[in-house]
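# Structural description and commentary
Read off the chains here:
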Amino acid sequence: MIKLYGHEVSGNSYKVRLLLSLLNLEYEWIKVDLMKGEHKSPEFLALNPFGQVPLLVDGDTILADAQSILVSSPESPHYTCTQVSAGMDRSIHVGT
């Protein structure tokens, strides 16, 4: 199952939560309390040396930047973004 680490007031975390919801992908929300410095804990820094949220973990795939999560990566088994035409149109295809 996808794990999404973030904080509820983070705009970048919100964008990723919205995308996962629009794609109807189940995920586990793991709150990282930024005010308590949890993003700088050794456990979190082991996953993301930059100490930033959001962080998406899906099996062996770790994406540590909102924009990289939004456009995904070629290795993602859940969805890929592909260009529909020579124009700017893009679509998201959800895999099974």
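Residues numbered from 1 in each chain as written. Predicted model: local features only at pLDDT ≥ 70, side-chain atom pairs only at ≥ 80, totals over all residues. Heavy atoms only, no water.

### A word on the overall build of the chain
Regarding its fold elements, the chain presents three helices and six strands. When the helices and strands of the chain are read in sequence order from the N terminus, they spell out β-α-β-α-β-β-α-β-β. Here the contacts in the chain between residues at least 6 apart in sequence split such that 45% fall between residues at least 24 apart. Entry remark: accessible area of the chain is about 6,100 Å², with carbon and sulfur atoms responsible for 57%. (Helix = DSSP H or I, 4+ residues; strand = E, 2+ residues; numbered from the N terminus. Contact = heavy atoms within 4.5 Å. Areas by Shrake-Rupley, 256 points an atom, 1.4 Å probe, with all protein chains shown as cover.)

### Structural notes on the pairing of strand 3 (residues 55-58)
Because side chains alternate across strand 3, one face comprises the buried residues Leu55 and Val57, and the other comprises Leu56 and Asp58, equally buried. With three bridges joining them, strand 1 (residues 2-6) and strand 3 adopt antiparallel strand pairing. Opposite Tyr5, over in strand 3, you have Leu55 as the bridge partner. When strand 3 meets strand 4 (residues 61-63), the two strands line up antiparallel, connected through three bridges. (Buried < 20%, exposed > 50% of the residue type's maximum accessible area, 1.4 Å probe, protein only. Pairing = 2+ DSSP bridges.)

### Side note on the environment of Phe50
Mapping Phe50 onto the fold places it in the loop between helix 2 (42-47) and strand 3. A relative accessible area of 62% places Phe50 in the exposed class. With 10 residues separating them along the chain, Phe50 and Lys40 place their C-alpha atoms 8.6 Å apart.

### Side note on the confidence of the model for the chain
Averaged over all residues, the pLDDT of the chain is 80; the fraction at 70 or higher stands at 75%. Looking across the chain, the model is least confident in strand 5 (residues 79-83), with a mean pLDDT of 41, and most confident in strand 2 (residues 27-31), with 97. Long-range and interchain partners of residues 79-96, a stretch whose pLDDT sits below 50, account for 28 contacts in this model, where long-range means more than four residues apart. (pLDDT = per-residue confidence, 0-100.)

### Brief notes about the packing of aromatic side chains
Pairs of aromatic rings are described using the distance from one ring centre to the other and the angle between the two planes. For the structure on display, the rule yields one aromatic pair. Ring geometry for Tyr5 and Phe44: centres 6.0 Å apart, planes at 65°, overall edge-to-face. Of the two residues, Tyr5 is situated in strand 1 and Phe44 in helix 2; the sequence distance between them amounts to 39 residues. Of the two residues examined, Tyr5 and Phe44, each falls in the buried class. Over the ring of Trp29 we find Arg17, and its NZ or CZ is 3.9 Å from the ring centre. (Phe/Tyr/Trp six-rings, centres within 6.5 Å; stacked < 30°, edge-to-face > 60°. Lys NZ or Arg CZ within 6 Å of the ring centre and 35° of its normal.)

### Thoughts on the environment of Leu70
With respect to the helices, strands and loops of the structure, Leu70 is situated in helix 3 (residues 66-71). Of the residues examined, Leu70 reaches a relative accessible area of 24% and is grouped as partly exposed. For the pair Leu70 and Asn12, spaced 58 residues apart in the sequence, the C-alpha separation amounts to 9.8 Å.

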